[in-house]
Amino acid sequence: MIRSITVIFCAFLLSWACWAKPNGSKSKKPKQVVPDIECDVRAGKVTVPEFIARCPARCKETKQQVYGTGIYASISSICNAAIHSGVITNAGGKVIVRKMAGQNIYKGSNSNGVRSLSLPKWRESFVVSVGKPKKGVIYPSTLDYVTSRPTYVKTGQKDAKSTTLPPTTTASEVIATTPEPTTTTTTTTAPTTTTTTTTPPPPPTTTKARAAVHKVRDAGVHRPEAGSVIRRQPSSPARPAPRSSDLDGSHKMPLDLPEAKVEPPNAWRPGATPYESGFSMREQEPPPRAPELPASQGDPNCKVDLAFLMDGSWSIGKRRFKIQKDFLAEVAQVINVGMAGPMMGIIQYGDEPVTEFSLRTYSSSRDVKAAVDKIVQKGGLSNVGKALSYINKQYFSDANGNRGGAPNVAVVLVDGWPTDKVEEASRLARESGINIFFVTIEGADENEKQNLVEANFVEKAVCRTNGFFSLPVNSWFALRKAVQPLVKRVCDTDRLVCSKTCLNANDIAFVIDGSSSVGTGNFRTVLQFVANVTREFEISDTDTRVGAVQYTYEQRLEFAFGQYNNKAELLNAIKRINYWSGGTSTGAAITFAADQLFSKSKPNKRKIMIVITDGRSYDDVRAPALAVHRQGVIAYSIGIAWAAQDELEYIATDPDKEHSFFVDEFDNLYKYVSKIIHNICQEFNSQPRN
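All values derive from a computational prediction rather than experimental measurement.

A.B. asks: Help me understand the packing of helix α3 (residues 317-335) against helix α8 (residues 483-490), please; the structure alone is not making it clear to me.
C.D. replies: Relative orientation and spacing of two packed helices are given, respectively, by the angle between their axes and the distance between those axes. As a packed pair, α3 and α8 sit with axes 10 Å apart at the nearest point and diverge in direction by 50°. The angle between the axes of α3 and α8 places the two elements in the oblique class. When the axes of α3 and α8 are compared, the crossing they make is right-handed. Contacts between α3 and α8 pair Phe 327, Glu 330, Val 331, Val 334 and Ile 335 from the former with Val 483, Gln 484, Leu 486, Val 487 and Val 490 from the latter. Tallied by class, residues from the contact of α3 with α8 come to eight nonpolar, one polar and one charged.

Following this line, the structure appears as structure tokens:
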């Protein structure tokens, strides 16, 4: 009986256990599946607002573009943005992506071996974080992608949308108003498929508007050729009527435009970028890279990245446009284009600037000349200021072939005068390191000066000059004579310093006291001060270079000028400096810095020495300091704790109060970072340049 009751009780317990846990075990939480992506996947192409993904190894070598720092534009490569931000290394790994609203500006920077570019504005952003989901958060195991393709192609190509005007329609009557096309995207998950249906907009309507008047100089070319593209003209100052000195003496203005075609203002064009007006704000594929061609050596004595801004406005006329092309072809031949020498690209400007070919497209003079021959005049106004903004914001980029170790040079060809202002755009371009030359052909005479949009525009566009950066030409037929003088100037790299600023024009030597009285902890504080000062400068072989010497009784070169040519590598090198310990011979250290660093300084660099010491020197500092002052070195002295005030003043360049500083404790060094940067820049800006 007892056995029967026991059996019944055990059966009851077993039934209850099975009811409580039907599977007889704990329920397992779902495992996060991480989808793999390629290096070229951009955040804007993924439909979900937040997701996890795994990047492959070696994405850095693909050089997929990244825009911004910390917060990235959605046209950036996810994987290279993650490397740039330090979330993953070049070995790849998991990354969490969270999308957010667009920013008004994205600032480029160099970080972890990835160079991000600047972007004025984009409609969507994203941030990246370590690919470790929070507890309970499960991200999508597959990623859906959206495809958006341009609605239009260039007029004359397949599927182009255009409207043919009647023969009596004039340029002043063309304003194209085109609604945005409608795009519908459908995405399914497994397998992932994307279907995009685009409904074309209705054809543009034509209304009457006021014409912008241009100079017309060539007989028979006062009207655009049949089939040419007419773009909407912004409100602009009028260009004057032709002068009697023109070849044909004609005073006709362009009236009849037979068979002209209208391009809708939002139409996509090959090579269009996010900066161009009328660009559709849907994600666009980046322009394909030019094919790699067999490289020629070129002239190594003229290693410059050279961009020509050619005038494509209607005022130049057909014949003069041909003369301009001949001039550019001859420049390419004389300058000897090649990978070890000058690289050459061309932008044509009118109403809008258009890249004809980038710096990396051709690597020989012969190929450049052939490409120039194929350039077709675009027409429009002479918006030079807009063209200068264009090259500053995007042309001199790694993607376009900017080499970093070669000066950036822009040569602007202007027929008469610009139809917009150039001073501000030129200043910003110069401050970002672009050397600007102006070649003006047949400038305004006394009767025409009243029509100038900006008086003395050349003087405002180039830096303070003795004429080196400006080349006036009396007539188009004399342009060929300017080839040799222009080539000589753009190849004179020692004089290409007009674009330099206080942040990109220096050779800076840190002379660091490593004596026993400093101690390991305080030495790390000194290195942090050195890094904080360095971080404020633009670092590259053609910008600011930094070297460092540590000293005790002896001296040690930690690294030379140009040994580290990007900021991330340089800051890491500063962090790796090992504390030495010993005596204090500051005078010998100054002489050592002069021999090992400043003797190898470039002629177009400002030489700056920053001496940091915590005690009185065992040797004389006055004679070594006087010797480097005579070499043109600007010396700053920073004393800590037991440093001798008289020695600090001997070391410092006059006036002492602007170049000599003292702090009681190492921890207060940070207070002088901004003061030193301010003084360096103030002194730089007060000096006349070229």
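A.B. asks: I'm lost on the sheet that holds strand β16 (residues 408-415) in this one. Help?
C.D. replies: In a beta sheet, neighbouring strands pair by backbone hydrogen bonds and run either parallel or antiparallel. Strand order in this open sheet of six strands is β15-β14-β13-β16-β17-β18, and the pairing throughout is mixed. On the outer flanks of this sheet lie β15 (353-357) and β18 (470-473), each paired with one strand and no other. If you compare each strand with its neighbour and ignore which way they point, the axes differ by 20° on average. In the sheet, β16 pairs with strand β17 (residues 434-441) via eight bridges, with the strands oriented parallel. Across the sheet, residue Val 409 finds its bridge partner in β17, namely Asn 435.

A.B. asks: Would you explain the packing of aromatic side chains in this entry?
C.D. replies: Considering all chains together, one arrives at 12 aromatic pairs under this definition. Centroid distance Phe 559 to Tyr 564: 5.6 Å. Interplanar angle 85°. Geometry classified as edge-to-face. On the basis of relative accessibility, which here comes to 19%, the residue Tyr 564 falls in the buried class. Connected via pairs of aromatic rings, a cluster forms that spans Phe 437, Phe 468 and Phe 469. In this structure, Arg 556 packs its charged tip against the face of Trp 580, placed 4.6 Å from the ring centre.

A.B. asks: What is the right way to look at the environment of Leu 597 in this model?
C.D. replies: Structurally, Leu 597 is set in the loop between α11 (586-596) and β22 (606-613). By relative accessible area, which is 0% here, Leu 597 ends up buried. Not counting the four nearest positions on each side in its chain, Leu 597 is found in contact with Ala 509, Gly 547, Ala 548, Val 549, Leu 557, Phe 559, Ala 560, Phe 561 and Phe 592.

A.B. asks: Would you take a moment to explain the nonpolar core for this structure?
C.D. replies: A general feature of soluble globular proteins is that nonpolar side chains tend to end up buried together. By size, the foremost hydrophobic cluster in this structure holds 69 residues, and its most contacted members are Phe 308, Phe 327, Leu 388, Ile 391 and Phe 438. Broken down by element, this core gets its largest block of residues, eight residues, from α3. Once residues lying within four places of it in the same chain are set aside, the contact partners of Phe 327 are Phe 308, Leu 413, Leu 479, Ala 482, Val 483 and Leu 486.

A.B. asks: What's the story with helix α2 (residues 78-85) in this structure? I'm lost.
C.D. replies: Because each turn of an α-helix spans 3.6 residues, side chains separated by three or four positions end up pointing in the same direction. The buried count for α2 comes to seven of eight residues, which makes it a mostly enclosed element. Within α2 the residues assigned to the buried category are Ile 78, Cys 79, Asn 80, Ala 81, Ala 82, Ile 83 and His 84.

A.B. asks: What is the right way to look at the sheet that holds strand β1 (residues 50-55) in this model?
C.D. replies: On the basis of which strands lie adjacent, the open sheet formed by five strands has the order β1-β4-β7-β3-β2 and antiparallel pairing. Two strands close off the open sheet at either side, each with one partner strand: β1 and β2 (68-69). The pairing of strand β4 (residues 93-101) with strand β7 (residues 124-130) spans seven bridges and is antiparallel. For Val 95, the partnering residue across the bridge sits in β7 and is Val 130. Taken strand by strand, α2 contacts β1, β2, β3 (71-73), β4 and β7, and its axis lies near 60° from that of β7.

A.B. asks: In this structure, what is going on with the confidence of the model for the protein chain? I would like to understand it.
C.D. replies: When pLDDT is low, close inspection of the predicted coordinates is not appropriate. Looking at the protein chain, the pLDDT average stands at 76 and 71% of residues meet or exceed 70. In this model, residues 19-26 is a region of pLDDT below 50 whose contacts with residues beyond four sequence positions or in other chains number zero contacts. Contacts of residues 148-295 to residues separated by more than four positions or lying in other chains number 281 contacts, the stretch itself having pLDDT below 50.

A.B. asks: In this structure, what is going on with the pairing of strand β21 (residues 555-559)? I would like to understand it.
C.D. replies: Two faces, one strand: in a regular strand the side chains alternate between the faces of the sheet. Sheet analysis places strand β20 (residues 545-551) next to β21, joined by four bridges and oriented antiparallel. In the strand pairing of β21, Ala 548 is matched with Phe 559. In this antiparallel pair of consecutive strands, β20 and β21, the connection spans three residues.

A.B. asks: I'm lost on unusual backbone geometry in this one. Help?
C.D. replies: In terms of backbone geometry, most residues other than glycine have negative phi values and most peptide bonds are trans. With an omega dihedral of -5°, the bond running from Asp 654 to Pro 655 counts as a cis peptide bond. Mapped onto the secondary structure, Pro 655 falls in the loop between α13 (645-651) and α14 (656-659). We note that Asn 336 has phi near 65°; this positive angle belongs to a residue other than glycine. Mapped onto the elements of the fold, Asn 336 is located in the loop between α3 and β14 (343-349). On the basis of relative accessible area, Asn 336 is assigned to the partly exposed category, the value being 36%.

Basis of the calculations
- Residues numbered from 1 in each chain as written.
- Predicted model: local features only at pLDDT ≥ 70, side-chain atom pairs only at ≥ 80, totals over all residues.
- Heavy atoms only, no water.
- Axes fitted to C-alpha atoms, helices over the stretch in contact; angles between N-to-C directions.
- Helix = DSSP H or I, 4+ residues; strand = E, 2+ residues; numbered from the N terminus.
- Parallel < 35°, antiparallel > 145°, perpendicular 65-115°, else oblique.
- Left-handed = near helix turned anticlockwise from the far one by under 90°.
- Contact = heavy atoms within 4.5 Å.
- Nonpolar A, V, L, I, M, F, W, Y, C, P; charged D, E, K, R; others polar.
- Pairing = 2+ DSSP bridges.
- Phe/Tyr/Trp six-rings, centres within 6.5 Å; stacked < 30°, edge-to-face > 60°.
- Buried < 20%, exposed > 50% of the residue type's maximum accessible area, 1.4 Å probe, protein only.
- Lys NZ or Arg CZ within 6 Å of the ring centre and 35° of its normal.
- Core = buried A, V, L, I, M, F, W, Y, C linked by side-chain atoms within 4.5 Å.
- pLDDT = per-residue confidence, 0-100.

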